[in-house]
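Letter by letter, the chains look like this.
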Number of protein chains: 2
Amino acid sequence: MSFIKLTPEPLTAIAFEKFGDVIEVTGKPVMINEGTTERYHRLGDVGVGEGLGIMNIFRAQPRVLPMMITMMERHPLGSQAFLPCNEKPYLVLVCEGESKPDASTLKLFLAQGQGVNYQANCWHHPLLALDDVSDFWVVDRAGPGLNLEEMDFDTSLSIEVSL
Amino acid sequence: MSFIKLTPEPLTAIAFEKFGDVIEVTGKPVMINEGTTERYHRLGDVGVGEGLGIMNIFRAQPRVLPMMITMMERHPLGSQAFLPCNEKPYLVLVCEGESKPDASTLKLFLAQGQGVNYQANCWHHPLLALDDVSDFWVVDRAGPGLNLEEMDFDTSLSIEVSL
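Notes on the structure in this doc start here. Computed from a prediction, not measured in an experiment: that's the story for all the values here.

Another aspect to go through is the interface of chain B and chain A. The interface is formed by 45 residues belonging to chain B together with 45 residues belonging to chain A. For the pair chain B and chain A, the summed buried surface comes to about 3800 Å²; carbon and sulfur atoms form 60% of the total. In this structure, the connection of chain B to chain A is made through 2 salt bridges. Between Arg-39 of chain B and Asp-140 of chain A there is a salt bridge, with the nearest N and O atoms lying 3.1 Å from each other. Counting across the interface, chain B meets chain A through 22 residue pairs in polar contact (both at pLDDT 80 or more). Among the elements of the structure, strand S5 (37-46), strand S6 (52-60), strand S9 (80-84), strand S12 (115-118) and strand S15 (134-142) of chain B are those that each provide at least two residues to the side of chain B that touches chain A. Of the residues assigned to the side of chain B that touches chain A, the class counts are 20 nonpolar, 14 polar and 11 charged.

See below:
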């Protein structure tokens, strides 16, 4: 039996670049709407191949920490963005891995006021809301093909997430 | 000189259906993530033709009401969604019109905790934040072609928006 204990680091574009985009106010905006609005342009792309980009709302129950992590999932055919409807903090758990998630590469991030856009095939854990029921605008893909892979970690591995 | 005075009505899917989608928690969700998340599926589509869906942040200055409305804009080549980053209220001003906005069809809505997805060619006013600087996740289109038309109303027309 081996143990991995994960505590979050701050979510930054550089730390997250292998996994996708951090969607946050950054860089120099373009002024639009007669100077009343700053446009922070193209912070992430909707990558859906031959599919269609769709917008959804996900309403996530809060998690009780510490919690054990047993699986990860990914979407081979498209990106998936989580854009919080409010400023509540949440956790983002990702890892690398070709055919299955590689637990030795797990990274846990604390996000607040930031969105994330997982690139296609990025292994990630389902929503990890904290404190309260949390709503997210989700931009992902509809279309033909199987766009969900779920994979359990080896049961000899114990992975704990805490703040 | 003619005058139009507009005060907002609540934003509902039915009242908005000529203009696009209201993106809000509605209908029966699908339970996902082992029962921890409700997915409200496909509340709006990213319609970008041959273009690419992109995600941006718009940071809008609050407006002082009552204000005069002098112009509208539209995007012929793609949809544009405004998904608020928080629960602050904002106004949505739209109208019909083929080659130019038809002021007699103006509709003003008060949105809170709701997103809107303007369909391509929907005449709308630039962001009308209230009270405070307000951030929005914006899902729209990048790609070749001119995707912005702005049109002034006739100066003989006076259009006032108030709460």
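Next comes the rest of the write-up.
Moving on, we come to the packing of aromatic side chains. Residue and element names in this part refer to chain A. The final tally for this structure, using the stated rule, is 14 aromatic pairs over all chains. With centroids separated by 6.3 Å and ring planes inclined at 80°, the aromatic side chains of Phe-82 and Phe-136 adopt a geometry described as edge-to-face. Pair noted here: Phe-82 is in strand S9 (residues 80-84) and Phe-136 is in strand S15 (residues 134-142), with a separation of 54 residues, a long-range link. Of the two residues, Phe-82 and Phe-136, neither departs from the other in class, the shared state being buried. Ring centres of Tyr-90 and Phe-136 lie 4.9 Å apart, and the angle between their planes is 80°; on these two criteria the pair is classed as edge-to-face. Placement of Tyr-90 in strand S10 (residues 90-95) and of Phe-136 in strand S15 is noted, with a sequence separation of 46 residues between them.

Residue and element names in this part refer to chain B. Counting buried positions along S15 yields 9 of 9 residues, so the element is predominantly enclosed. When S6 meets S15, the two strands line up antiparallel, connected through 9 bridges. The residue bridging Ile-57 from the neighbouring strand is Trp-137, located in S15.

By volume, the largest pocket amounts to about 560 Å³. Lining of the largest pocket is provided by 31 residues; of these, Glu-73, His-75 and Leu-148 of chain A together with Ile-32 and Asn-33 of chain B occupy positions nearest its centre. Sorting the residues of the lining of the largest pocket by element identifies strand S7 (67-69), strand S8 (71-74), S9, S15 and strand S16 (149-152) of chain A together with strand S4 (30-32) and S5 of chain B as the ones contributing at least two each. Grouping the constituent residues of the lining of the largest pocket by class yields 12 nonpolar, 11 polar and 8 charged. Reported here for the second largest pocket is a volume of approximately 400 Å³. Residue composition of the lining of the second largest pocket, by class: 9 nonpolar, 10 polar and 6 charged.

Criteria and cut-off values
Residues numbered from 1 in each chain as written. Chains lettered and ligands numbered in written order. Predicted model: local features only at pLDDT ≥ 70, side-chain atom pairs only at ≥ 80, totals over all residues. Heavy atoms only, no water. Contact = heavy atoms within 4.5 Å. Buried area = accessible area lost by both parts, 1.4 Å probe. Salt bridge = Lys/Arg side-chain N within 4 Å of Asp/Glu carboxyl O. Polar contact = N/O pair within 3.5 Å; in protein donor to acceptor, adjacent residues only side chain to side chain. Helix = DSSP H or I, 4+ residues; strand = E, 2+ residues; numbered from the N terminus. Nonpolar A, V, L, I, M, F, W, Y, C, P; charged D, E, K, R; others polar. Phe/Tyr/Trp six-rings, centres within 6.5 Å; stacked < 30°, edge-to-face > 60°. Buried < 20%, exposed > 50% of the residue type's maximum accessible area, 1.4 Å probe, protein only. Pairing = 2+ DSSP bridges. 1 Å grid on protein atoms, 1.4 Å probe; cavity = no way out; pocket = protein on both sides within 12 Å on 5 of 7 lines; lining within 4 Å. Points joined across faces, edges and corners; volume = space filled by probe spheres on them.

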